[in-house]
Amino acid sequence: MILLFVRIFFVLGSSLVGYQALVDVNKMGMIGAMAGAIGALLIILVEMGMRKVSVRGLSSAVFGLLLGLIMWKLVADAVSTSALSQEYIALIKVTLMLIFCYLGMLIGLRGKDEFNIIIPYVRLRRQDQAEEMTILDTSVIIDGRIQDIFKTKFLEGKVIIPRFVLKELQQVADSTDPVKRQRGRRGLEVLHTIQKEAGQNLTINEEDFPETYEVDAKLVKLAKLIEAKIMTVDFNLNRVASFQGIKVLNINELANALKPVVFPGEQMQIKLLKEGKEHNQAVGYLEDGTMVVVEDARRLLGQEVKVTVTSVLQTQAGRMIFTKLEK
């Protein structure tokens, strides 16, 4: 609404300027007012078309333009010392200016990810008070456990949700596949919940990378740009981001680390739910989802038995406990 009022004020102001400019020229004030209004509307259309232009891209282009002008000035001074006529020197200078400005802006745009000193991204802060920032990816939002982590207050600093993650989440929620649609809607509900929990600490990042199509690659670029961590449950994203030096908070690894530790010789009660892969095995689960394999217990399916731990195996999928029946 405020933006609409600003645009209306701009159109009225431009009309007034146009009227004042031509009011004394054969009484053409109304024509001047119309010309000013039309010019203002054209500028507003251009402004609306620039919505997808990021501040980072614009600042990179300006940086490249300044670099091109500096290089042009050095070369132009050298050209001025030549014995050519002033007309040729002026023509050469204009040509060189266009070339260097174009190349400078092009280099600035192509290398914008490496320009960490660009003004909009310089964060003035004390070294001992660095602001922690965590980016949420689509998988961790759909997973849902992030809302429980928010309630425990273990996650500190700013929590950032990129606009392209919201877009992907909306596409999942609008999917024709009922399973995907349900997962997407669950993710939107989780977002609504954590927004209440986080308050001002949760922000939407508008940065996009049009030249990159994969969401995971965009997340890695954004994390590098703003020096943030990535919270995920995606194993592949975890590996790729870690390989590129980005800190990753994996909820699955956190859940595995918080599971109770058991040692060989300990006893426990377990209900046998299904058959195991090996001969005569039965499988049950602890409350945290840890799989418990019981040897020689297939005949006791559906019963709760007392077992003794023989070994514990830690895998990428989680922890497995191997046991035998208590005699």
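In the block above lies the structure referred to throughout.
Reading guide: rules and limits
Residues numbered from 1 in each chain as written. Predicted model: local features only at pLDDT ≥ 70, side-chain atom pairs only at ≥ 80, totals over all residues. Heavy atoms only, no water. Helix = DSSP H or I, 4+ residues; strand = E, 2+ residues; numbered from the N terminus. Buried < 20%, exposed > 50% of the residue type's maximum accessible area, 1.4 Å probe, protein only. Contact = heavy atoms within 4.5 Å. Areas by Shrake-Rupley, 256 points an atom, 1.4 Å probe, with all protein chains shown as cover. Arc of directions from axis to C-beta. Polar contact = N/O pair within 3.5 Å; in protein donor to acceptor, adjacent residues only side chain to side chain. Salt bridge = Lys/Arg side-chain N within 4 Å of Asp/Glu carboxyl O. Pairing = 2+ DSSP bridges.

For the chain, the count of helices and strands is eleven helices and eleven strands. Across the 327 residues in the chain, those meeting the buried criterion constitute 36%. Counting only contacts in the chain whose residues sit at least 6 apart along the sequence, the fraction spanning at least 24 positions is 59%. When the accessible surface of the chain is split by element, carbon and sulfur atoms take 62% of a total near 21500 Å².

What helix α10 (residues 235–243) keeps buried is the set L237, N238 and A241. Taken around the axis of α10, the buried residues stretch over an arc of 105 degrees, which confines them to a single face. For α10, exposure combined with an orientation more than 90 degrees from the buried face picks out N236 and F243. In this structure, the buried residues of α10 make contact with α9 (215–226), β4 (229–232), β5 (248–250) and α11 (251–257). For α10, the N-terminal capping position is held by D234, with its side-chain oxygen 3.0 Å away from the main-chain nitrogen of N236. G245 occupies a position one or two residues after α10 and carries a positive phi of about 80 degrees.

Applying the stated criterion to the full structure yields four salt bridges. A salt bridge links K73 to D77; the shortest N-O distance between them is 3.0 Å. One end of the pair, K73, and the other, D77, are both in helix α3 (residues 55–80), four residues apart, so they sit about a helical turn from each other. Judged by relative accessible area, which is 43%, K73 ranks as partly exposed. The partly exposed category is assigned to D77, whose relative accessible area is 38%. Residues D143 and R145 are paired through a salt bridge, measuring 2.7 Å at the closest nitrogen-oxygen approach.

Across a regular strand the side chains alternate sides, sitting on one face of the sheet and then on the other. Of the two faces of strand β6 (residues 267–271), the one lined by M268 and I270 is fully buried and the one lined by Q267, Q269 and K271 carries no buried residue. Sheet analysis places β6 next to strand β10 (residues 304–315), joined by five bridges and oriented antiparallel. By the bridge assignment for β10, Q267 is matched with T308.

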